Amino acid sequence: ESDLAERVFRKSLAIHPGSAPAWNKLGSLKINQGRYQEAEQDCRTALKINPRMTEAHTTLGLPLIKQGKTNEALACYSEALRFKPDYAPAHYNLANTLANQGQLDLAAQHYQSALLTDPRSADAHNNLAYILRRQQKLDEAAEHFKSALRLRPAFWQASYGLGELMLKQNHLDEAAVELSRVIEI
């Protein structure tokens, strides 16, 4: 299926080699295939065509992270947000990167920014909940875990996080319910 998609993008690019969105989508496809260097090049091609393309800056950050180029990825996400300050995917990816670096306060701010634009992001709710739990903001964390589960009922990571949190707060019945859901999912 991905081979077919790649052929379609290549045919499109043969006809319209200046299509930044097509180059960016080809880069996204290669990220999903684990072809990070090629994905990086395709995203850079998109940005040569359209240096202000928010999506391409955001997409480019992903293969950079996979290649250990964290500072370059952070710069890509920041550049995307310079062009479109409310772009939820850039906030989300920036938050993930910052969280992995241990910059939890800043990561939480970017998850919250992502949720302002895209309140239906179960992943952003879940990741923010884990940070809030580490910051001992347990009630807020519980609300974000619950939001993630309302949006995606079979989200085992959120059920597990909420179950652990309920154990920590000595709410044993609620903890048992959530942790048993993890096994069922």
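Since the structure is predicted, the reported quantities are computational estimates derived from the model, not experimental observations.

### Here we look at the nonpolar core
Part 1: Within the largest apolar cluster, 49 residues are counted, with the highest numbers of intra-cluster contacts made by Tyr 111, Ile 131, Leu 162 and Leu 165.
Part 2: Beyond its immediate stretch of four places on either side in the chain, Leu 165 contacts Arg 133, Leu 138, Ala 141, Ala 142 and Phe 145.

### Digging into the side chain of Glu 6
Part 1: Along the chain, Glu 6 turns up in helix H1 (residues 2–15).
Part 2: We classify Glu 6 as buried; its relative accessible area is 12%.
Part 3: Every residue in contact with Glu 6, bar those within four places of it in the chain, is listed here: Leu 26, Leu 29, Lys 30, Gln 33 and Arg 35.

### Regarding the pattern of salt bridges
Part 1: Enumeration over the complete set of coordinates arrives at 12 salt bridges.
Part 2: Residues Glu 40 and Lys 69 are paired through a salt bridge, measuring 3.1 Å at the closest nitrogen-oxygen approach. Taken as a pair, Glu 40 in helix H3 (residues 36–49) and Lys 69 in the loop between helix H4 (54–66) and helix H5 (70–83) lie far apart in primary sequence, 29 residues in all.
Part 3: Classification of Lys 69 by relative accessible area gives partly exposed; the value is 27%.

### Here's the deal with the packing of aromatic side chains
Part 1: Considering all chains together, one arrives at 2 aromatic pairs under this definition.
Part 2: Lying over the aromatic face of Phe 155, Arg 152 brings its terminal NZ or CZ to 4.2 Å of the ring centre.

### Brief notes about the environment of Ile 183
Part 1: By secondary structure assignment, the location of Ile 183 is in helix H11 (residues 172–184).
Part 2: Residues Ile 183 and Ser 159, spaced 24 residues apart in sequence, show a C-alpha to C-alpha distance of 9.9 Å.

### Looking at the environment of Phe 145
Part 1: Looking at the secondary structure, you find Phe 145 in helix H9 (residues 138–151).
Part 2: Sequence separation between Phe 145 and Asp 118 is 27 residues; the distance between their C-alpha atoms is 16 Å.
Part 3: Every residue in contact with Phe 145, bar those within four places of it in the chain, is listed here: Asn 126, Ala 129, Tyr 130, Ala 158, Gly 161, Leu 162 and Leu 165.

### Let's talk about the packing of H4 against H5
Part 1: At a closest axis distance of 8 Å, the pairing of H4 and H5 adopts a crossing angle of 165°. When the axes of H4 and H5 are compared, the pair comes out roughly antiparallel. By crossing handedness, the relation of H4 to H5 is classed as left-handed. In this structure, H4 uses Thr 54, His 57, Thr 58, Leu 60, Gly 61, Leu 62, Leu 64 and Ile 65 to contact H5, whose residues at the interface are Thr 70, Glu 72, Ala 73, Cys 76, Tyr 77, Glu 79, Ala 80 and Phe 83.
Part 2: Partitioning the contact of H4 with H5 into residue classes produces 9 nonpolar, 5 polar and 2 charged.

How each quantity is defined
- Residues numbered from 1 in each chain as written.
- Predicted model: local features only at pLDDT ≥ 70, side-chain atom pairs only at ≥ 80, totals over all residues.
- Heavy atoms only, no water.
- Core = buried A, V, L, I, M, F, W, Y, C linked by side-chain atoms within 4.5 Å.
- Buried < 20%, exposed > 50% of the residue type's maximum accessible area, 1.4 Å probe, protein only.
- Contact = heavy atoms within 4.5 Å.
- Helix = DSSP H or I, 4+ residues; strand = E, 2+ residues; numbered from the N terminus.
- Salt bridge = Lys/Arg side-chain N within 4 Å of Asp/Glu carboxyl O.
- Phe/Tyr/Trp six-rings, centres within 6.5 Å; stacked < 30°, edge-to-face > 60°.
- Lys NZ or Arg CZ within 6 Å of the ring centre and 35° of its normal.
- Axes fitted to C-alpha atoms, helices over the stretch in contact; angles between N-to-C directions.
- Parallel < 35°, antiparallel > 145°, perpendicular 65-115°, else oblique.
- Left-handed = near helix turned anticlockwise from the far one by under 90°.
- Nonpolar A, V, L, I, M, F, W, Y, C, P; charged D, E, K, R; others polar.

All quantities given are derived from atomic positions and should not be read as evidence of function.
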